[in-house]
Number of protein chains: 4
Amino acid sequence: MRLAVAGIGNNISALLQGVYFYRELAARLGPDDGLPGIRRRYIGGLAVDDVALVAGFDVLPAKIGRDLREAVFTPPNNYPNLGADVPAQGVKVAGGLTLEDGEVRGHAEVVAELRRSKAEVLLYSLPTGLQWAAEAYARCSLEAGVALVNCTPEIVARDPQTLAAFENAGVPLIGDDLASHLGTSVVHRTLLRLLQDRGLTLASSYQLNFGGNEDFRNLLQNGGAKLQSKKNALAQGPAELDLIEVVPSAGYIRHLKDNKVAILNVEAIGWGGTPVSLDLKLKVQDSSNAAGVIIDLIRIAAAARRQEFGGFNAAAAPLLKSPPFGHWPDEAAGAEAALEGLLTRVAAE
Amino acid sequence: MRLAVAGIGNNISALLQGVYFYRELAARLGPDDGLPGIRRRYIGGLAVDDVALVAGFDVLPAKIGRDLREAVFTPPNNYPNLGADVPAQGVKVAGGLTLEDGEVRGHAEVVAELRRSKAEVLLYSLPTGLQWAAEAYARCSLEAGVALVNCTPEIVARDPQTLAAFENAGVPLIGDDLASHLGTSVVHRTLLRLLQDRGLTLASSYQLNFGGNEDFRNLLQNGGAKLQSKKNALAQGPAELDLIEVVPSAGYIRHLKDNKVAILNVEAIGWGGTPVSLDLKLKVQDSSNAAGVIIDLIRIAAAARRQEFGGFNAAAAPLLKSPPFGHWPDEAAGAEAALEGLLTRVAAE
Amino acid sequence: MRLAVAGIGNNISALLQGVYFYRELAARLGPDDGLPGIRRRYIGGLAVDDVALVAGFDVLPAKIGRDLREAVFTPPNNYPNLGADVPAQGVKVAGGLTLEDGEVRGHAEVVAELRRSKAEVLLYSLPTGLQWAAEAYARCSLEAGVALVNCTPEIVARDPQTLAAFENAGVPLIGDDLASHLGTSVVHRTLLRLLQDRGLTLASSYQLNFGGNEDFRNLLQNGGAKLQSKKNALAQGPAELDLIEVVPSAGYIRHLKDNKVAILNVEAIGWGGTPVSLDLKLKVQDSSNAAGVIIDLIRIAAAARRQEFGGFNAAAAPLLKSPPFGHWPDEAAGAEAALEGLLTRVAAE
Amino acid sequence: MRLAVAGIGNNISALLQGVYFYRELAARLGPDDGLPGIRRRYIGGLAVDDVALVAGFDVLPAKIGRDLREAVFTPPNNYPNLGADVPAQGVKVAGGLTLEDGEVRGHAEVVAELRRSKAEVLLYSLPTGLQWAAEAYARCSLEAGVALVNCTPEIVARDPQTLAAFENAGVPLIGDDLASHLGTSVVHRTLLRLLQDRGLTLASSYQLNFGGNEDFRNLLQNGGAKLQSKKNALAQGPAELDLIEVVPSAGYIRHLKDNKVAILNVEAIGWGGTPVSLDLKLKVQDSSNAAGVIIDLIRIAAAARRQEFGGFNAAAAPLLKSPPFGHWPDEAAGAEAALEGLLTRVAAE
């Protein structure tokens, strides 16, 4: 499966190293054994380690022109070295799209590189907040007939016109905003729901996230918008909105590098008004948390493209925070059904 | 709703005080408002504060002969004073059943007291481990035609002969072993399931519980049996059994009084073998955690008895750790359906 | 002891309520019993509850003109009600100094009120960051011959000219910046020193503080300067500076009200390079943390004034973050010696 | 420096691996650089990596006859492999002393092995609770003229007759009971003292320890005696004894292996009776925590023996929980002075 990537950050470092990590592991296991940290070893017939990186785009001079193997270890990237034996990829990082005086530069070159490399999927993984770039890469992707996966919160798959264009062209478009493998929000929401299921009454709750990668440095400045959407996702009804506080980036703690730490507190009221309190600390490798989901999104995209199934694929909905048509009521069950059903449908077409 | 109680410990202190706490609160609310810490304000037409304690049994000389209001504050009871205005109940604690030279004493007196008091339900709430007492109170209950609720892990409802006898007599029998309002196990299980749902691989996990009431003092000595059943309840398949350790009573910390603290740790493996770790501290008022469920169990028992619906009532299954016919696959949904359906059935008969 | 206060925030709420709390408590104790939460029951002959508030200044219309008892409970103040029986003080809050077009207004009125009220000490307790106000109240204080205590980081006692003016006038000047009763920094520093004493090597450490009072809302915007000084205070030598991260305001969590929560993490290296890790959560009532030190500072100021001992009093140094002449090498021992020695000297003069 | 060891458990695994770990590290550093996790690179002229294991005793058949390098990795030992390149030591583990029908067997053989190996120091490191073994190895040590270090709580150096015998023979005797490099008690005590220094009042505190090595399995059964001594060490006066609970072994959590986790809670009272609470989690490699102190004790013992300085050496007092003549009032300062002064005295003799 031939993958192009836009933005050679920690997520790509995690993805590339992980593919080789699992290749070594898979060689020692039977074909039906589970892989640690992997939801589904095969999706649409594609194994985790069937991924080959065939093109890469970035704007950082220190990364352009280097082999992908070197580029993923170039600062400010600080994802750990997993110790897997990653060979030179034979793929040099190409200069990505830029914005100059309000105009996007590099469109023709990116399209040419996508075509030359025979990429099946383009993974859009630039820093959060560059709406223009997400749109511009989507145009390249469409023109080159390459499926697009948008990991970021930028609006791409949710834009009706863009989605229609991909559908009409028979090119898959998967997005927007990947749901982390084990994000703070899902843990928080799970605990708040458990309380509600058991009949306890929420008194107050807070969630703080901090870490040492570029995301936390960026978020520290402009985390406002993200905050409200996170609160909405947690509150079970408007009455709870005032009881919950979320701080998406409580601090940039450099030595944490690509680790993310989240602190949760839930105070509830039990029988007779007596208190229940719950404190949780969650520590994850932030980009592993993304790569563990990216691996499924890109395989869904590739499988759909091979079946010439254009536009959004509902099997990806549970893996996204903002899919174009929303979520199923029961996410866990819905995820299973969708993956089974839709991939079968894909295969059947 | 007329309730008799066997064992005037912290659970009964929580129950009695809580009933008056909610009575005061309900007087200030509309009839459809939710009550904090209460799953269902009404069950089978019975409100939380419709409960009247009409008989009580204990063997502690310091409690026998005292009004229930005084008995619930007598050491070693150490549940906090909720500040509700609890009037004298006009009910003196009677001497409970005893075991002398292998023979149960007091059967006739207990039956007589149950009849005299016109109790509808007998709540069995003695310290854990007295199988003889659970059986003996069940016999009293059956003879007096009073519904029985068994909060403890002793085998009563799970005994086919006992259950058949209650069924034949048209007397409800609800048990065994109440599932805490928010127990450590349900929190632990919820987190382990979340990991599995998301495709993370469990590496190891432990759970330690400690507190300052008599349960923790007792458990410290003989916690062995309980431990294995708790591990079974948590592991998702036998492979995980070795990865999980549970310590039901890690310490008797006197000054915690009736509070229970649980420490959970979960270490998991994510993408590329990178670690995910989760530490949780849960603090609850232990007997509130029981009373919040007892209030539902006794109302189910009373509602069933008023409908002359003998034996076990499936609406109680989700509120019990060991119901006679096991659990539904989806507990949360099952609980709702059961409560709705069965109480309707109760009401319809 | 007659006290005037500038800025009727949570600190003053804590101080006023606390004085009555301890008055009630002291009435039930012997004269030599310790008081909970109090370092020294008597300083220079003054008991904790010898304090009387005789004047108060604020600029908030909702507070001006109200009795101090009402003003301390006026939003955005959110210090809890301690339940002590605080009578009306018979003191109306007066309008404080203001800055209009670069000019301070209200000097004459404040001086007149200080004189009229026969205040011995003026406690300066405005929000952090108003250097002009700190200077302007110092001028009022000096003119009225009232001792000044500066709780805030503004530069007052550290300004040589200001200090000289107070010395020459025989008026005490105590500041700057009170050291919290149990601040995050002292806990953090104590743990880092312990590691060093034991021969463990620091690998990394972070500290995040968050809370729900106005300080956290303000700090969120302009916490930069405070951060570096805190890092300096923690590092044992420049090599450690890069290993420690401090976030003075990681979040404004409204429902925490006047509580402050701090999260500390210390990672160290032990024998054979094996890791040692330490996670700490500290929760304090933020303004109690200030009032517990203010009570000593104002008594030192009053005692010094009664002895006509002008300028800075070294007995206060250990209670301040930035005293004019720095700290003793051994703070704990120095504090004791200073308090004993200097108050004796005060008394002797 | 030639070292014999009795009991080839995790402590010896940590010690042996650590010596090679630091040898590799020291080769890359200047002679005056600090070593991570090491208090003093040189003691009495001996470097950390000057230690050579020349004899070893154990009673486990799986360990006897094996080279020390293999023995330290033999179960139930579960200290991690530090990755240092540890060569075969050329030393086979000899059978240790045994107790048969109340009589100690193997004395002559142990003495002979100590002499043959030209050991300077014998490190006694058997499981806690074998008083007979501690005494018997002390007799061997004395007869062979080898300095003894007792890491365990058994009474050896505190026995006046034993101590006198070593003194008279000019053989060093260092003990009893090593103080961990960073033990739970010292962290707990440091925090309780800090509270007291700041004038906060202790309300309650608890400490739970758990882990996965043999010590925790053993302690779980017979932790009673240790508990009271730990409470005594923490309480600042008898009034606090009732407020503090310590559980030395709250659980044997197998998968923690040689890691120890401690949970501390401190609840205190601040100004106006408002609460201060502090929760701490400490995680250490248990045997590294011992080896980091053993390395100093054995060097002190060897340095003393080379100077023919018999009996106890006060430089070791701060590194022991129960030295024969107690502790200095100021441990930290005392430790420095003792080490400097006494080693100088040693060197001067």
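All figures in this text were calculated on a predicted structure; none of them were measured in a lab. Residue numbers restart at each chain and count upward from 1, following the sequence in its written direction. By the order in which they are written, chains take letters starting at A while ligands take numbers starting at 1. Totals for whole chains, interfaces and linings use all residues, but because this is a predicted model, local features are given only for residues with pLDDT of at least 70 and pairs of side-chain atoms are given and counted only at 80 or more. Based on all heavy atoms of the structure, the side-chain values leave hydrogens and waters out of the count.

Considerations on the interface of chain A and chain C
Moving on, step 1. With 21 residues of chain A in contact, the opposing surface of chain C contributes 21 residues.
Moving on, step 2. Once two parts are joined, some of their accessible surface, as seen by a 1.4 Å probe, is lost; buried area is that loss totalled over both. Summed over both sides, the interface of chain A with chain C buries roughly 1700 Å², with 58% coming from carbon and sulfur.
Moving on, step 3. Whenever a carboxyl oxygen of Asp or Glu lies within 4 Å of a side-chain nitrogen of Lys or Arg, that contact is scored as a salt bridge. Between chain A and chain C we count four salt bridges in total.
Moving on, step 4. We define a polar contact as two N or O atoms separated by no more than 3.5 Å, with the added condition that, inside protein, one atom must be a possible hydrogen donor and the other a possible acceptor, whereas residues neighbouring each other in sequence contribute only through side-chain atom pairs. Scanning the region where chain A abuts chain C turns up six residue pairs in polar contact (both at pLDDT 80 or more).
Moving on, step 5. Numbering goes from the N terminus for both helices and strands, where a helix is a DSSP run of H or I of at least four residues and a strand is a run of E of at least two. Elements represented by at least two residues in the side of chain A that touches chain C include exactly β11 (201–211), β12 (244–252), β13 (259–269) and β14 (275–285) of chain A. Any two residues whose heavy atoms approach within 4.5 Å at even a single point are treated as in contact.

Some remarks on the side chain of C:S185
Moving on, step 1. Positionally, C:S185 belongs in helix α6 (residues 184–197).
Moving on, step 2. Ignoring any residue separated from it by four or fewer positions in sequence, one finds C:S185 in contact with C:Q207, C:K230 and C:L234.

Regarding the packing of aromatic side chains
Centre distance and the angle of the planes are the two values used to describe a pair of aromatic rings.
Moving on, step 1. When the centres of two rings from Phe, Tyr and Trp lie within 6.5 Å, Trp using its six-membered ring, the rings pair. Their planes under 30 degrees apart give stacked, over 60 give edge-to-face, and anything left gives tilted. In total, this model carries 24 aromatic pairs over all chains according to the counting rule given.
Moving on, step 2. Their ring planes at 50° and their centres at 5.9 Å tell us that B:Y124 and B:Y137 sit as a pair that is tilted. Residue B:Y124 is found in strand β8 (residues 121–124), and its partner B:Y137 is found in helix α4 (residues 131–144); the two are separated by 13 residues along the sequence.
Moving on, step 3. When accessible area is computed with a 1.4 Å probe and restricted to protein chains, residues below 20% of their type maximum are described as buried, those above 50% as exposed, and intermediate ones as partly exposed. The class for B:Y137 is buried, based on a relative accessible area of 2%.
Moving on, step 4. Measuring from centroid to centroid gives 5.1 Å for B:F210 and D:Y206, while their planes differ by 75°, and the two rings are edge-to-face. In this pair, B:F210 sits in strand β11 (residues 201–211) while D:Y206 sits in strand β11 (residues 201–211), so the two residues belong to two different chains.
Moving on, step 5. Overall, the relative accessible area of 1% leaves D:Y206 in the buried class.
Moving on, step 6. An aromatic cluster of three or more residues is present, and its members are A:F21, A:Y22 and B:W271.
Moving on, step 7. Working rule: Lys NZ or Arg CZ, within 6 Å of ring centre, within 35 degrees of ring normal, means a charge sits over the ring. The ring of B:Y20 has B:R23 sitting right over it, with the charged end atom 4.8 Å from the ring centre.

Some words on the packing of helix α3 (residues 107–116) of chain B against α4(B)
Residues and elements named next belong to chain B.
Moving on, step 1. Closest axis-to-axis distance for the α3/α4 pair is 9 Å, and the angle between their directions is 45°. One finds that α3 runs oblique with respect to α4. Every pair of crossing elements has a handedness; the one defined by α3 and α4 is right-handed. Of the residues in α4, those touching α3 at H107, V110, V111, L114 and R115 are A136, Y137, R139, C140, S141, E143 and A144.
Moving on, step 2. Any residue outside Ala, Val, Leu, Ile, Met, Phe, Trp, Tyr, Cys, Pro, Asp, Glu, Lys and Arg is labelled polar, Gly included; the first ten of those are nonpolar and the last four are charged. Of the residues that constitute the contact of α3 with α4, the class distribution is seven nonpolar, two polar and three charged. Only the stretch in contact is used when fitting a helix axis, every axis being a line fitted to C-alpha atoms; angles between N-to-C directions are given from 0 to 180 degrees. Small angles under 35 degrees read as roughly parallel and large ones over 145 as roughly antiparallel, with 65 to 115 read as roughly perpendicular and the rest as oblique. Definitions for this section: a left-handed crossing has its near helix turned counterclockwise from the far helix by less than a right angle. A right-handed crossing has that turn clockwise.

Quick word on the relation of the copies chain A and chain C
Both copies of the chain are related by a screw-like operation: a rotation about an axis and a shift along it.
Moving on, step 1. By a simple turn and slide, chain A fits onto chain C: the slide is 0.0 Å along the axis, the RMSD is 0.0 Å, and the turn is 180°. What the rotation and shift describe, once combined, is the action of a two-fold rotation axis. Ranked by how close their C-alpha atoms come to the rotation axis, the residues of chain A are headed by A:A250, at 2.3 Å.
Moving on, step 2. Looking at the interface residues of chain A, 100% of them are also at the interface in chain C, so both copies use one shared face. The copies were overlaid by least squares, fitting only the C-alpha atoms of residues that reach a pLDDT of 70 or more in each copy.

Notes on the interface of chain C and chain D
Moving on, step 1. The interface of chain C with chain D comprises 51 residues on the first partner and 51 residues on the second.
Moving on, step 2. Interface of chain C and chain D: buried area, both sides summed, is about 3900 Å²; carbon and sulfur atoms make up 64% of it.
Moving on, step 3. Viewed at the interface, chain D and chain C are joined by zero salt bridges.
Moving on, step 4. Run the count over chain C and chain D and you get 21 residue pairs in polar contact (both at pLDDT 80 or more).
Moving on, step 5. For the side of chain C that touches chain D, the secondary structure elements donating two or more residues are α1 (10–27), α6, β14 (275–285) and α9 (286–306) of chain C.
Moving on, step 6. A total of 11 residues in the side of chain C that touches chain D trace back to one element, the largest contributor, which is β14(C).
Moving on, step 7. Counted by class, the side of chain C that touches chain D contains 30 nonpolar, 15 polar and six charged residues.
Moving on, step 8. Strand pairing is assigned whenever DSSP identifies at least 2 bridges connecting the two strands. With seven bridges connecting them, β14(C) and strand β14 (residues 275–285) of chain D associate as antiparallel partners. Residue pairing in the sheet places C:L282 in a bridge with D:L278 of β14(D).

Section: the packing of helix α1 (residues 10–27) of chain B against helix α9 (residues 286–306) of chain B
Residues and elements named next belong to chain B.
Moving on, step 1. Running from N to C, α1 and α9 cross one another at 65°; their axes reach a closest spacing of 8 Å. It follows that α1 is roughly perpendicular to α9 by the angle criterion. Where α1 crosses over α9, the handedness of that crossing is right-handed. For the pair α1 and α9, contact is made by N10, N11, A14 and L15 and by S287, S288, A290, A291, I294, I295 and I298, respectively.
Moving on, step 2. Class assignment for the residues of the contact of α1 with α9 results in seven nonpolar, four polar and no charged.

Some details on the relation of the copies chain C and chain D
Moving on, step 1. Each copy of the sequence occupies a distinct position, and chain C is placed on chain D by a rotation of 180° and an axial shift of 0.1 Å, giving an RMSD of 0.1 Å.
Moving on, step 2. Most of the interface of chain C is mirrored in chain D: 100% of its interface residues are interface residues there too.

Comments concerning the sheet that holds strand β13 (residues 259–269) of chain B
Moving on, step 1. Strand order in the open sheet formed by eight strands is β12(A)-β11(A)-β13(A)-β14(A)-β14(B)-β13(B)-β11(B)-β12(B), with mixed pairing between adjacent strands. The open sheet is flanked by β12 of chain A together with β12 (244–252) of chain B, the only strands paired with a single partner. The sheet shows a mean angle of 10° between the axes of neighbouring strands, direction not considered.
Moving on, step 2. Relative to the sheet, helix α9 (residues 286–306) of chain A contacts β13 and β14 of chain A, its axis offset from that of β14(A) by approximately 80°.

Concerning the pairing of β12(A)
Residues and elements named next belong to chain A.
Moving on, step 1. Most of β12 sits inside the fold, with nine of its nine residues counted as buried.
Moving on, step 2. Sheet analysis places β11 next to β12, joined by six bridges and oriented parallel. Residue S205 lies in a different strand from β12, and its bridge partner there is I244.

A few points about α9(B)
Residues that lie three or four places apart on an α-helix share one face, since the helix turns once every 3.6 residues.
Residue and element names in this part refer to chain B.
Moving on, step 1. Its 21 residues give α9 an end-to-end C-alpha distance of 31 Å, which sits within 8% of 30 Å, the value for a rise of 1.5 Å per residue.
Moving on, step 2. Within α9, 19 of the 21 residues are buried, leaving the element largely enclosed by the surrounding structure.
Moving on, step 3. Immediately downstream of α9, the backbone of E308 shows phi near 55°, a positive value. Multiplying one less than the number of residues by 1.5 Å gives the expected span of a helix.

Observations regarding the arrangement of the chains
Moving on, step 1. Nothing in chain B touches chain C, and the closest approach of their C-alpha atoms is 11 Å.
Moving on, step 2. Without any contact between them, chain A and chain D keep their closest C-alpha atoms 11 Å apart.

Digging into the environment of A:V121
All names here are of chain A.
Moving on, step 1. Relative to the helices and strands, V121 is located in strand β8 (residues 121–124).
Moving on, step 2. We classify V121 as buried; its relative accessible area is 0%.
Moving on, step 3. Distance in space between the C-alpha atoms of V121 and G95 is 18 Å, their sequence separation being 26 residues.

A short note on the pairing of strand β14 (residues 275–285) of chain B
Residues and elements named next belong to chain B.
Moving on, step 1. Among the 11 residues of β14, nine are classified as buried, and the element is accordingly described as predominantly covered.
Moving on, step 2. Direction of pairing for β13 relative to β14: antiparallel, over a ladder of 11 bridges. In the strand pairing of β14, N259 is matched with Q285.
Moving on, step 3. Connecting β13 to the antiparallel partner β14 that follows it, the hairpin turn spans five residues, and G272 within it adopts a positive phi of roughly 70°.

Some points on the nonpolar core
Moving on, step 1. Counting residues in each nonpolar core, the largest one holds 82 residues, and the members touching the most others are A:L3, A:L114, A:L123, A:I298 and B:W271.
Moving on, step 2. When residues of this core are assigned to their parent elements, the largest contribution, 10 residues, is made by α9(A).
Moving on, step 3. Contacts of A:L114, omitting those with residues within four sequence positions, involve A:A4, A:F57, A:A119, A:L122, A:C140, A:S141, A:A144 and A:V146.
Moving on, step 4. Grouped together as the second largest cluster of nonpolar side chains are 81 residues, C:I12, C:L114, C:A119 and C:F312 included. What makes a nonpolar core is a set of buried Ala, Val, Leu, Ile, Met, Phe, Trp, Tyr and Cys residues whose side-chain atoms join them at distances within 4.5 Å.

Brief notes about unusual backbone geometry
The phi angle of most residues is negative, glycine excepted, and most peptide bonds adopt the trans form.
Moving on, step 1. Residue B:D176 is bonded to the preceding B:G175 through a cis peptide linkage, with omega at 10°.
Moving on, step 2. Here B:D176 is to be found in the loop between β10 (173–174) and α6 (184–198).
Moving on, step 3. Its identity as a non-glycine residue notwithstanding, B:D177 has a phi of 70°, on the positive side.
Moving on, step 4. Relative to the assigned elements, B:D177 resides in the loop between β10 and α6.
Moving on, step 5. According to the relative accessible area criterion, B:D177 is buried, its value standing at 11%.
Moving on, step 6. Positive phi outside glycine occurs at C:K257, with the angle close to 50°.
Moving on, step 7. Tracing the backbone shows C:K257 in the loop between β12 (244–252) and β13 (259–269).

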